[in-house]
Amino acid sequence: MPLEGREKRVFEWFSKQSLELEEKANKNGGRLRRDDIWRREYYPYPYLILEPDEVILQRFSDIFTNCIDLSKDGKITPTPMMEKDARLAQFFTEITEETNWRGILHRESINQALEQITAYFENGLPLGARIFKGLPKAKSNHLYKFSKKKYVEKCINMEGFKYHQRPTTRKEVICVL
């Protein structure tokens, strides 16, 4: 399907930008910042160019939500973005290029992307962080086991936690009472 109109002009602009990034790399001994490498790879093959604006905004929201995580103390962190060869960061760069040329990223669309995070903090510190608040910092990975519904409900209501070390293994354990 040949490109026409707006998409054709953007593809031509992408091609020009790709050449400029090639020149920049050649002047820098073949080196570019990582995000510029991703742009240079995306511009010749803009797989999202024919998608409608609504699809692009939904994809932006999905990628944005997946690029962040909550730390053990309930703070927002971009850790997942940089895991597994920073693949999510590359997707984020590509979707940002799409939102930029379309001019569709504005306060309202960003607020849509923030809805899940905002909902998580709606009652203050998120439940996932409140559950473990006040417990000693873990020295290694821990397994938390919850069994019956009544015990899980106690956790959610912050009523039933007990911390102890197993005497035989010296492993720290969290028990739901």
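What counts and what doesn't
- Residues numbered from 1 in each chain as written.
- Predicted model: local features only at pLDDT ≥ 70, side-chain atom pairs only at ≥ 80, totals over all residues.
- Heavy atoms only, no water.
- Phe/Tyr/Trp six-rings, centres within 6.5 Å; stacked < 30°, edge-to-face > 60°.
- Helix = DSSP H or I, 4+ residues; strand = E, 2+ residues; numbered from the N terminus.
- Buried < 20%, exposed > 50% of the residue type's maximum accessible area, 1.4 Å probe, protein only.
- Lys NZ or Arg CZ within 6 Å of the ring centre and 35° of its normal.
- Core = buried A, V, L, I, M, F, W, Y, C linked by side-chain atoms within 4.5 Å.
- Contact = heavy atoms within 4.5 Å.
- Axes fitted to C-alpha atoms, helices over the stretch in contact; angles between N-to-C directions.
- Parallel < 35°, antiparallel > 145°, perpendicular 65-115°, else oblique.
- Left-handed = near helix turned anticlockwise from the far one by under 90°.
- Nonpolar A, V, L, I, M, F, W, Y, C, P; charged D, E, K, R; others polar.

**Some details on the packing of aromatic side chains**
Point 1. What the rule picks out here adds up to 8 aromatic pairs.
Point 2. Here W13 and F14 contribute two aromatic rings whose centre-to-centre distance is 5.8 Å and whose plane-to-plane angle is 50°, an arrangement assigned as tilted.
Point 3. Ring geometry for F64 and F92: centres 6.5 Å apart, planes at 40°, overall tilted. Taken together, the positions of F64 in helix α3 (residues 53–66) and F92 in helix α5 (residues 87–102) put the pair 28 residues apart, joining distant regions of the chain.
Point 4. With relative accessibility at 21%, the residue F92 sits in the partly exposed group.
Point 5. The rings of W13, F14, Y42, Y43 and Y47 are connected pair by pair, giving a single aromatic cluster.
Point 6. Here the guanidinium or amino end of R59 rests over the ring plane of F91, the centre of that ring lying 5.8 Å away.

**Some thoughts on the nonpolar core**
Point 1. One finds F14 and I95 to be the most contacted residues of the largest nonpolar core, which totals 22 residues.
Point 2. Listed by contribution, the elements that provide at least two residues to this core are α1 (5–27), α2 (34–42), α3 and α5.
Point 3. Residues contacting F14, with those up to four places away along its chain left out, are Y42, Y43, P46, E98 and W101.

**Brief notes about the packing of α3 against helix α6 (residues 107–120)**
Point 1. Running from N to C, α3 and α6 cross one another at 40°; their axes reach a closest spacing of 9 Å. Taken together, α3 and α6 sit at an angle that is classed as oblique. The way α3 lies across α6 gives a crossing that is right-handed. Residues L57, F60, S61, F64 and T65 of α3 pack against S109, Q112, A113, L114, Q116 and I117 of α6.
Point 2. Partitioning the contact of α3 with α6 into residue classes produces 6 nonpolar, 5 polar and no charged.

Any functional reading would require information that these geometric values do not contain.
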